[in-house]
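One letter stands for each residue in the lines below.
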Amino acid sequence: KWLEVAGTQACCSITPPSTAMGVACSSNGQVDDTQMVVDVPGKKKALLVGINYLGTGSALNGCINDVVNQKEVLISHYGFEEENILMLNDNENEPKERRPYKRAILDGFKWLYQGAKAGDLLFFQYSGHGSQYQTWSENCDCLCPLECLEQPWPGSVILDVEIHKHFYDRLPKGCKVVAVFDCCHSGTIANLSVKRDLQPEHKPKPKPRYLQPPKDATSGIAKISRGMRREVVSGRYTDHQLWVFSGCQDDQTSADAYCDGQYQGAFTWAMIKALKHDVWHETYVDLLDQIRGNLRGYSQIPALTTTHSSYLDAWYCGQVPSSRSQAAQAAQGRKKALLVGINYRGTRNELRGCINDINNQKVYLMENFGFQASDILMLSEDESKENWPYKKRIIEGFAWLLQDAKEGDQLFLQYSGHGSQMTDKTGTEPSGLSDCICPLDCDQPWPAHIILDTEIHEYVYDKLPNGVKLTALFDCCHSGTVSNLNVSRELQFGSVAAPEQYRATRWMPPPDEVSKPNEVNPSGIAECTTPSSPEFKVSSGFRRAVQGNREYTDKLVWVYSGCQDEQTSADAYEDGQYQGAFSWAFHKAMAEHGWSMKHGPLLVSIRNILRPRYTQIPALSTTNSDNFQRYFLSRKNGLRIVSGGACA
């Protein structure tokens, strides 16, 4: 979907992750609620331009379908009225005044912003060819109206500066604009202050919307293009509320494809599919993430630009869920949870808070995240004996959790109890020790009655279907690397004295015969913190199966650990009951933020709650760094943007 200029290449400006997190953070790492403001409803208008260049040597197939499909979505799900949607396309039955010539598109911009005021929502989509035109000083990105194939450039194309002049510059303060460009050279088409560029993780499979421009449009010496956002990086539009989706990066092509039984733009198809999957309620940044996932198999990587980083968390097109239950529905699919809590009653290793951990968790899952009691399996000494947490029953619980799981399902696993280590019999652990969790029957011979790290992988991670989300919490000792996933966020800070109240460690000493490191690795545990091989991270633990490879990259797994490898997780007394310090801090952080937090900020909040009173440092591991910015159990409250662009 672009007009390529031979011998030139546009640059792609990548915003560092710290500026593109999509959430406003204060200096202490907590979410800044000053950005969570209230929407003011207003009029909704849309300009939709789709050009297939029918009857030419540069014909496309899917652009008209793009805007027809988008129109149906806007009317059916976002409250747009048909009389407030202007369609410009080159269908042979379309009257001449509605055909997408340059003058008609510029007049369409005027129609779109005419009479607009604070609180209004304007939507613009362009599907067609994109290109660049070289001036004496730079490359200008441009859109390609219908007449550009026959008439001289730049008079027959729409340059980036013209989009600014005829559209962005005319917008009143407080008027919200969503723009979608499903064309090539759209990665910098808005040139706004905040950009979320996503890097490719898949092999190309495009059918590009490609058109060779006239030779006289490529002459001269040009600087690198600054794209259609060229005036905005200076902060020119910081008082505006603009969100611009781009179908691809500057050096890529947007595919004209065949999807779901019809020709359409791959990006537009992926966008509508993502919105439909989330019941038409989605935040901008999460919508971008879902689009990227839907585009696997294509080489194009979409981008999102906006005027304020906090706007990344606003609801798409202002579609705010009307209730907590409606927000929970934004993540379709079945929800199941396996909760294991073991107090080891009547033994020398007795704990007091583990069963309370999972009882509390069950309440929170049902009240705040839409889980049903019938889809939660509880294994503890308080349950009937067939559900006591012996090793065999826990492994059966793993199978129950994964049974019939399919894309879109949300699974939750919590283990609260003792953790330990035993001699590694395989010679593959850098410490010479294998991590394990301790079922109720662990007083019998090891390893037959414990669950090793390798067994967690075998029974859970290895069998997890792609597209199924799994969130796991391990409130036990030696849980810092309990998952061994690709990306780990382990936050460090200094030790502080423990509170003067009950506290026991959730660590069980192994039997003497399996307590020593494997002699294959004589340096023992010290090697965990000073690995000699780049294959190994701080420690292998339950994450060992994915060390040095990308086996789980395509899986959606988040694993919270109560402490680092060299630490202990506290069994404590908080808020009038015995419970795990980590589990207590976890729920306290969620409650303070309305039960809607992204995984990364949630970890920071848990750390801040634990820090004054406990030495343990929680960790979070996941399969992809982007996953830190997904919402815990997909519960998205989102942000509401105030009229006028101010943050109330």
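Quick caveat, the model's predicted, so the values are computed rather than measured.

Considering the overall build of the protein chain
Inference 1: A count of helical and extended segments in the protein chain gives twelve helices and 27 strands.
Inference 2: A separation of at least 24 residues holds for 80% of the contacts in the protein chain among residues at least 6 apart in sequence.
Inference 3: As displayed, the protein chain offers around 24,600 Å² of accessible surface, 49% of which is attributable to carbon and sulfur atoms.

Some thoughts on helix α5 (residues 284-294)
Inference 1: Burial analysis of α5 places ten of its eleven residues in the buried class, the great majority of the element.
Inference 2: For α5, the complete set of buried residues consists of Tyr284, Val285, Asp286, Leu287, Leu288, Asp289, Gln290, Ile291, Arg292 and Asn294.

Some details on the packing of aromatic side chains
Pairs of aromatic rings are described using the distance from one ring centre to the other and the angle between the two planes.
Inference 1: Going through the model one piece at a time under the given rule, you end up with 23 aromatic pairs.
Inference 2: Measuring from ring centre to ring centre gives 5.1 Å for Phe109 and Phe167, while their planes differ by 5 degrees; the resulting arrangement is stacked. Of the two residues, Phe109 sits in helix α2 (residues 102-113) while Phe167 sits in the loop between α3 (160-166) and β8 (176-182), which places them 58 residues apart along the sequence.
Inference 3: Residue Phe109 is classed as buried on the basis of its relative accessible area of 0%.
Inference 4: Judged by relative accessible area, which is 1%, Phe167 ranks as buried.

Section: the confidence of the model for the protein chain
Inference 1: For the protein chain, the average pLDDT comes to 76, and 72% of its residues sit at 70 or higher.
Inference 2: Mean pLDDT across the elements of the protein chain bottoms out in helix α10 (residues 526-529) (27) and peaks in strand β16 (residues 376-379) (98).
Inference 3: Scored below 50 in pLDDT, residues 219-226 makes 22 contacts in the model with residues more than four places away or belonging to other chains.

Focus on the packing of helix α11 (residues 581-592) against helix α12 (residues 599-610)
When two helices pack together, their arrangement is given by the angle between their axes and by how far apart the axes lie.
Inference 1: Two numbers describe how α11 lies on α12: the axes approach to 9 Å, and their chain directions differ by 120 degrees. Of the possible angle classes, the one that applies to α11 and α12 is oblique. When you trace α11 past α12, the crossing you get is right-handed. Each of Ala581, Phe582, Trp584, Ala585, Phe586, Lys588, Ala589, Met590 and Glu592 in α11 lies in contact with α12, whose residues at this interface are Leu602, Ser605, Ile606, Ile609 and Leu610.
Inference 2: Taken together, the residues that form the contact of α11 with α12 break down as eleven nonpolar, one polar and two charged.

So, the packing of helix α4 (residues 266-277) against α5
Inference 1: Relative to each other, α4 and α5 sit at 120 degrees, their axes nearing to 8 Å. Comparing the axis directions of α4 and α5 gives the class oblique. Of the two possible hands of crossing, α4 and α5 adopt the one that is right-handed. Facing Phe267, Trp269, Ala270, Met271, Lys273, Ala274 and Leu275 of α4, the residues of α5 in contact are Leu287, Gln290, Ile291 and Asn294.
Inference 2: Residue classes in the contact of α4 with α5 are distributed as eight nonpolar, two polar and one charged.

Re the pattern of salt bridges
Proximity of charged atoms lets side chains of opposite charge pair with each other.
Inference 1: What the rule picks out here adds up to 14 salt bridges.
Inference 2: A salt bridge links Arg630 to Asp289; its shortest N-O distance comes to 2.7 Å. Within this pair, whereas Arg630 is found in the segment after β27 (619-622), its partner Asp289 is found in helix α5, the two being separated by 341 residues in sequence. Taken individually, Arg630 and Asp289 each receive the classification buried, so the pair is uniform in this respect.
Inference 3: Of the charged contacts, one joins Asp375 and Arg334 as a salt bridge, the two residues approaching to 2.6 Å between their closest N and O atoms. Of this pair, Asp375 sits in the loop between α7 (354-368) and β16 while Arg334 sits in the loop between α6 (324-328) and β15 (335-341), and the two are 41 residues apart along the sequence.
Inference 4: In the salt-bridge network here, residues are joined through shared partners; they are Asp289, Arg292 and Arg630.

Considerations on the pairing of strand β19 (residues 433-437)
Inference 1: When you tally the buried positions in β19, you get five out of five residues, the bulk of the element.
Inference 2: Every second residue of β19 is oriented toward a common face, with Leu433, Asp435 and Ile437 on one face and Ser434 and Cys436 on the other, all of them buried.
Inference 3: By the bridge criterion, five bridges tie strand β18 (residues 419-423) to β19 in an arrangement that is antiparallel. Residue Ser420 lies in a different strand from β19, and its bridge partner there is Cys436.

As for α2
Inference 1: Its twelve residues place the ends of α2 17 Å apart at the C-alpha level, agreeing with the 16 Å of an ideal helix rising 1.5 Å per residue.
Inference 2: Where the residues of α2 are buried, they touch β2 (44-50), β3 (85-89), β4 (121-127), β7 (158-159) and α3.

Brief notes about the environment of Leu287
Inference 1: Among the structural elements, Leu287 can be located in helix α5.
Inference 2: For Leu287, a relative accessible area of 0% corresponds to the buried category.
Inference 3: For Leu287 and Ile272, which are 15 residues apart along the polypeptide, the C-alpha to C-alpha distance reads 9.7 Å.

A short note on unusual backbone geometry
Inference 1: Each neighbour pair has its own omega, and for Trp153 with Pro154 the value is 0 degrees, a cis peptide bond.
Inference 2: Looking along the chain, the bond that leaves Trp446 and enters Pro447 is cis, with omega of 0 degrees.
Inference 3: Examined against the element boundaries, Pro447 turns out to sit in the loop between β19 and β20 (451-452).
Inference 4: Even without a glycine there, the phi angle at Cys317 is positive, about 55 degrees.
Inference 5: Relative to the elements of secondary structure, Cys317 occurs in the loop between β14 (303-306) and α6.
Inference 6: For Cys317, a relative accessible area of 3% puts it in the buried group.
Inference 7: Even without a glycine there, the phi angle at Tyr344 is positive, about 55 degrees.

Section: the sheet that holds β19
Inference 1: Taken together, three strands build an open sheet; the order of strands is β18-β19-β20 and the sheet is antiparallel. Lying at the two open borders of the sheet, with one neighbouring strand each, are β18 and β20.

Looking at the side chain of Lys335
Inference 1: Here Lys335 shows up in strand β15.
Inference 2: Look at Lys335 and you get buried, because its relative accessible area is 11%.
Inference 3: Engagement of the side chain of Lys335 in a polar contact is seen with the backbone oxygen of Phe369, the distance being 2.6 Å.

Quick notes on the rules
- Position numbers for residues start from 1 in each chain and track the written sequence from start to end.
- pLDDT decides what is reported in this predicted model: residues at 70 or higher carry local features, side-chain atom pairs at 80 or more are listed and counted, and totals for whole chains, interfaces and linings draw on all residues regardless.
- Computation of side-chain values: all heavy atoms of the structure, hydrogens and water removed.
- The helix and strand labels rest on DSSP assignments: H or I over at least four residues marks a helix, E over at least two residues marks a strand, and numbering proceeds from the N terminus.
- Every residue pair with non-hydrogen atoms within 4.5 Å of one another is taken to be in contact.
- Note on areas: Shrake-Rupley with a 1.4 Å probe; residue coverage comes only from the protein chains shown.
- A simple rule labels every residue: compare its accessible area, found with a 1.4 Å probe on the protein chains alone, to the largest value its type can have, and call it buried under 20%, exposed over 50%, or partly exposed in between.
- Centres within 6.5 Å make a pair out of two Phe, Tyr or Trp rings, where for Trp the six-membered ring is used; the pair is then stacked when the planes are under 30 degrees apart, edge-to-face when over 60, and tilted otherwise.
- pLDDT gives the predictor's per-residue confidence on a scale running from 0 to 100.
- Only C-alpha atoms enter the line fits that serve as axes; for helices the fit covers just the stretch in contact. Angles between N-to-C directions range over 0 to 180 degrees.
- Orientation is classified from the angle alone, with under 35 degrees giving roughly parallel, over 145 giving roughly antiparallel, 65 to 115 giving roughly perpendicular, and any other angle giving oblique.
- For any helix crossing, the convention is left-handed if the near helix is rotated counterclockwise from the far helix by under a right angle, and right-handed if that rotation is clockwise.
- Residues are grouped as follows: nonpolar covers Ala, Val, Leu, Ile, Met, Phe, Trp, Tyr, Cys and Pro; charged covers Asp, Glu, Lys and Arg; every other residue, Gly included, is treated as polar.
- By definition, a salt bridge exists where a carboxyl oxygen of Asp or Glu is found within 4 Å of a side-chain nitrogen of Lys or Arg.
- In this analysis, strands are considered paired if DSSP registers two or more bridges between them.
- Multiply 1.5 Å by the residue count of a helix minus one, and that product is the helix's expected span.
- We define a polar contact as two N or O atoms separated by no more than 3.5 Å, with the added condition that, inside protein, one atom must be a possible hydrogen donor and the other a possible acceptor, whereas residues neighbouring each other in sequence contribute only through side-chain atom pairs.

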